[in-house]
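Coordinate inspection notes
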Amino acid sequence: MTYQAMTRAGLDCAAIFASIGMPDEPPDQNERRINSPQQRFWGAARKVSGDPDIGLHIGELMPPFRGQVLEYLFLSSPTFGDGLQRALRYNRLMTDALQLQLRVEGDEAVLSGLEHAERHYLECATLIVLRFLQQVSDGEFRPGRITFPHAHGAAAEEYLRVYGCPVELSADEGALYFDAALLKRSSLAAEPELLRIHETVAARKLEDLARQDFLHTVEQALGGLLEQGEASLDVLARRLERTPRALRSELSALGTSFKEVLAGYRERLARRLLARTSEPIDQIIYLTGFSEPAAFTRAFKRWTGETPSAFRKRMHAEKADF
């Protein structure tokens, strides 16, 4: 979504994404990105664009968050409040960066957890949340006010124009305030049977994320072990503070094995280094943990049907043509 919005804004995405080591292309929607590069990413976006309020303005251009199980959960719930509570239960399907919670204070409902170290990310993400709540309420959701922890931000008039409500900075917490009466709003699309199906799908997706998290941890450890020439199940298990038997069992429960994870990681790493860098092939052989060029070439031909040199030549040519 961010990539689409930045492209729509006419920004130099190549320069921005290169600043955090990402290619100038839409990220894989099936891959959960880590949160740590957010500050460097938005710092580069602000510098390239020259816009001191880049997060707020990119948020305006974001495509709507549609067609996801969170939307279906919301719409099939009996009321807006029920839908919001269910969506918060599965909040991680939208983001790992914000931990949103709902409470009611008199006539006001408070959606708290709008807190992040990077101001531009937070202001952009807040607009995504706000518009999502508006679309699942057929436009009835109206924010009363928004509070942010950061001390410096856009002009008050700019916040009012974009968010449609006043914004308070240097607040004790980041939160979105709205009329609590909306929580009782009935959903015209409420359907108990579909709700059960959507909850099952949401739970399964959370399990998939947990699986991705564990495999990502395994692959991070593998990256260092490959360079050291120690990519064995026993050494990996020690690195992850497990016994070999326990690690083998965990991987089996996820429908994979050490051999499959190692091969998959080596293949993706080799493809990425050949397609996106000018690293010498000898260095790529070392980074992927192969003992000799012939073994690397045989494995790469098995994965792709091409030699490493032919694959690199084709990928770089396609990029140049594009």
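Structure first, text after, so check above.
How each quantity is defined
Residues numbered from 1 in each chain as written. Predicted model: local features only at pLDDT ≥ 70, side-chain atom pairs only at ≥ 80, totals over all residues. Heavy atoms only, no water. Helix = DSSP H or I, 4+ residues; strand = E, 2+ residues; numbered from the N terminus. Buried < 20%, exposed > 50% of the residue type's maximum accessible area, 1.4 Å probe, protein only. Contact = heavy atoms within 4.5 Å. Lys, Arg positive; Asp, Glu negative; His and termini not counted. Charge placed at Lys NZ, Arg CZ, Asp CG, Glu CD. Core = buried A, V, L, I, M, F, W, Y, C linked by side-chain atoms within 4.5 Å. Pairing = 2+ DSSP bridges. Axes fitted to C-alpha atoms, helices over the stretch in contact; angles between N-to-C directions. Disulfide = S-S within 2.5 Å. Phe/Tyr/Trp six-rings, centres within 6.5 Å; stacked < 30°, edge-to-face > 60°. Lys NZ or Arg CZ within 6 Å of the ring centre and 35° of its normal.

The subject of this paragraph is the overall build of the protein chain. A count of helices and strands for the protein chain gives 15 helices and five strands. When the backbone C-alpha atoms are referred to their principal axes, the protein chain occupies close to 70 × 45 × 35 Å. Scored against the burial criterion, the 322 residues of the protein chain give a buried share of 44%. Intrachain contacts of the protein chain at a sequence separation of at least 6 include 65% that bridge at least 24 residues. Within the protein chain, one finds 40 positive and 45 negative side-chain charges whose respective centroids are separated by 7 Å.

Now for the nonpolar core. Met6, Trp42, Phe80, Leu84, Leu133, Tyr163 and Phe178 are the most contacted members of the largest nonpolar core, which has 60 residues in total. In terms of residue count, helix α7 (residues 119-136) provides more of this core than any other element does, eleven residues in total. Dropping the residues within four chain positions of it, Leu84 is found in contact with Phe74, Leu102, Leu133, Phe178 and Leu183. Grouped together as the second largest cluster of nonpolar side chains are 33 residues, Val261, Tyr265, Phe290 and Phe300 included.

What follows is about helix α6 (residues 80-89). Counting buried positions along α6 gives seven out of ten residues, so the element sits mostly inside the fold. Of all the residues in α6, the buried ones are Phe80, Gly81, Gly83, Leu84, Arg86, Ala87 and Leu88. Check the buried side of α6 and you find it contacts α5 (69-76), β1 (101-105), β2 (108-112), α7, β5 (175-179) and α9 (192-228).

This next bit is on the sheet that holds β1. Strand order in this open sheet of five strands is β1-β2-β5-β3-β4, and the pairing throughout is mixed. The open sheet has two edge strands, β1 and β4 (167-168), and neither has a second partner. Bridge count between strand β3 (residues 143-147) and β4: two bridges; the pairing is parallel. In the strand pairing of β4, Ile146 is matched with Val167. Contacts from α6 reach β1, β2 and β5, with the element oriented near 145 degrees to β1.

When β1 meets β2, the two strands line up antiparallel, connected through five bridges. Within β2, the residue paired with Val104 across the bridge is Ala109. Joining the antiparallel neighbours β1 and β2 is a turn of two residues, in which Gly106 adopts a positive phi near 65 degrees.

Evaluation of the coordinates by the stated rule reveals zero disulfides. Here Cys165 stays unpaired: no disulfide links it, and the sulfur of Cys124, its closest cysteine neighbor, is 16 Å away.

This brings us to the packing of aromatic side chains. According to the stated counting rule, one finds 14 aromatic pairs in the structure shown. An angle of 45 degrees between the planes, with centres 5.2 Å apart, marks the rings of Phe74 and Phe80 as tilted. On the basis of relative accessible area, Phe80 is assigned to the buried category, the value being 2%. For the ring pair Phe141 and Phe178, a centre distance of 4.9 Å and an interplane angle of 55 degrees mean the geometry is tilted. With Phe141 in the loop between α7 and β3 and Phe178 in strand β5, this residue pair connects regions lying 37 residues apart in the sequence. Here the two residues Phe141 and Phe178 agree in accessibility, since each one is buried. A connected cluster of aromatic rings, assembled from ring pairs, spans Phe74, Phe80, Phe132, Phe141 and Phe178. A cation over an aromatic ring shows up here: Arg145 above the ring of Tyr177, its NZ or CZ 3.7 Å from the ring centre.

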